[in-house]
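# Remarks on the overall topology
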Amino acid sequence: MDWLLQIFDPAAIGAFFTQFQTEMQQPAFWVAVGKIIWINVLLSGDNALVIALACRGLAPKQRLWGMIFGAAAAVILRIIFTGIVATLMALPYLKLVGGLALLVIAAKLLVPEDEDEDGVKSASHLWAAVQIVVVADIVMSLDNVIAVAAAANGSIPLLILGLASSIPLIVAGAALIMALLDRLPVLVWAGAALLGWIAGDVIATDPAVHPRLQSLCDGSVGVELDALLALLGVAPLFVGGGSGGEVVCAMLGVVAVLVVGSIWRRRRLQCRAEVAG
């Protein structure tokens, strides 16, 4: 919470903009921005649906304000929660837990949801709608918080940019996004794979896991893998503090998400078919 309390400190603001300008000049920054935007595209559709359902009972003139106030309150709470998660990820084993949770979140993306509008009540006045949106967002936004905090990897500029990008996605773009994902299901699979990659990388960089992983890579396993890479004309990645271990964990995350998600999806579809039959 220290970074949250220092937001209005002029020195902290100056350091933030300096860091932002420095990171903007690096290609990796824009790659991470793309990851965060994609995560928000995939994981903000349910939040936007909640806003629409909660505000559907309002008068036409109040619906827009209900959506704006509800989304704004939800994003403020999300900034606080994401800051807490990003801070806690520096502690041992919490990245491991967060990465495992992100694997489940990614696999769940591939599972068709049961559409049930009765789960979200419509409100008859503006502030009741805002309260419904805020409470629902607190319950539903854990996936967004974990995913964005993991993709930002400790970068406050990326964290803020990622959360800011969720505002127009939630308020204005949800219907278009959901229609696009319905027309191009491969984007959902690609997004789930991306989350699996991030989850594997998060697990590999956990303070309790990384030393053991690096010790394994510096051993005979890493030597043999580097020798295999040399035959393919690739520079060594494992021995001597290379990133080969993180890459392998990220690839295992992708495989785990796609395999578990496929099995989960097939069982859900079979249950639906049995019920329909």
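### Observations concerning the nonpolar core
Counting residues in each nonpolar core, the largest one holds 28 residues, and the members touching the most others are Ile36, Ile39, Leu102, Leu158, Leu195 and Ile198. Going through the elements one at a time, helix H3 (27-43), helix H6 (94-109), helix H8 (142-152), helix H9 (156-171) and helix H11 (186-204) are the ones with two or more residues in this core. When residues in this core are grouped by element, the largest group, eight residues, is from H11. In this view, Leu195 contacts Ile39, Leu102, Ala106, Leu109 and Ala147; residues no more than four positions away in its chain are not counted. Core analysis: the second largest hydrophobic core is formed by six residues, Ala204, Cys217, Leu229 and Cys249 among them.

### Details of the confidence of the model for the protein
For the protein, the average pLDDT comes to 74, and 69% of its residues sit at 70 or higher. Of all helices and strands in the protein, the one with the weakest mean pLDDT is helix H1 (residues 2-5) (52), whereas helix H14 (residues 244-276) scores best (90).

### A few points about the side chain of Asp226
Looking at the secondary structure, you find Asp226 in helix H13 (residues 220-231). Overall, the relative accessible area of 8% leaves Asp226 in the buried class. Among the polar contacts listed, one links the side chain of Asp226 to the backbone nitrogen of Val239, at a separation of 2.9 Å. When neighbours within four sequence positions are excluded, Asp226 is seen to be in contact with Pro236, Leu237, Phe238 and Val239.

### Overview of the environment of Leu94
Residue position: Leu94 is located in helix H6. Considering only alpha carbons, one finds Leu94 and Ile203, 109 residues apart in sequence, at a separation of 8.9 Å.

### Regarding a nonpolar patch on the surface
Nonpolar side chains collect at one region of the surface, where Leu216, Val221, Leu225, Leu228, Leu231, Leu232, Val234 and Leu237 lie side by side and expose about 740 Å² of accessible area between them. The element that contributes the greatest number of residues to the nonpolar patch is H13, accounting for four residues. Here Leu216 lies in helix H12 (residues 210-217).

### What to know about the side chain of Glu246
With respect to the helices and strands, Glu246 occurs in helix H14. At 3.0 Å, the side chain of Glu246 and the side chain of His210 are in polar contact. Discounting chain neighbours no more than four positions away, the residues touching Glu246 are Asp201, Ala204, Thr205, His210 and Leu213.

### A look at H12
All buried positions along H12 are accounted for by Leu213, Gln214 and Cys217. Buried residues in H12, looked at end-on, bunch into an arc of 95°, giving them a common side. Within H12, the exposed residues directed more than 90 degrees away from the buried face are Arg212 and Ser215. Packing partners of the buried residues in H12 comprise H11, H13 and H14.

Conventions we followed
Residues numbered from 1 in each chain as written. Predicted model: local features only at pLDDT ≥ 70, side-chain atom pairs only at ≥ 80, totals over all residues. Heavy atoms only, no water. Core = buried A, V, L, I, M, F, W, Y, C linked by side-chain atoms within 4.5 Å. Buried < 20%, exposed > 50% of the residue type's maximum accessible area, 1.4 Å probe, protein only. Helix = DSSP H or I, 4+ residues; strand = E, 2+ residues; numbered from the N terminus. Contact = heavy atoms within 4.5 Å. pLDDT = per-residue confidence, 0-100. Polar contact = N/O pair within 3.5 Å; in protein donor to acceptor, adjacent residues only side chain to side chain. Patch = residues over 30% accessible without salt bridge, like charges linked within 9 Å, V, L, I, M, F, W, Y side chains within 5 Å. Areas by Shrake-Rupley, 256 points an atom, 1.4 Å probe, with all protein chains shown as cover. Salt bridge = Lys/Arg side-chain N within 4 Å of Asp/Glu carboxyl O. Arc of directions from axis to C-beta.

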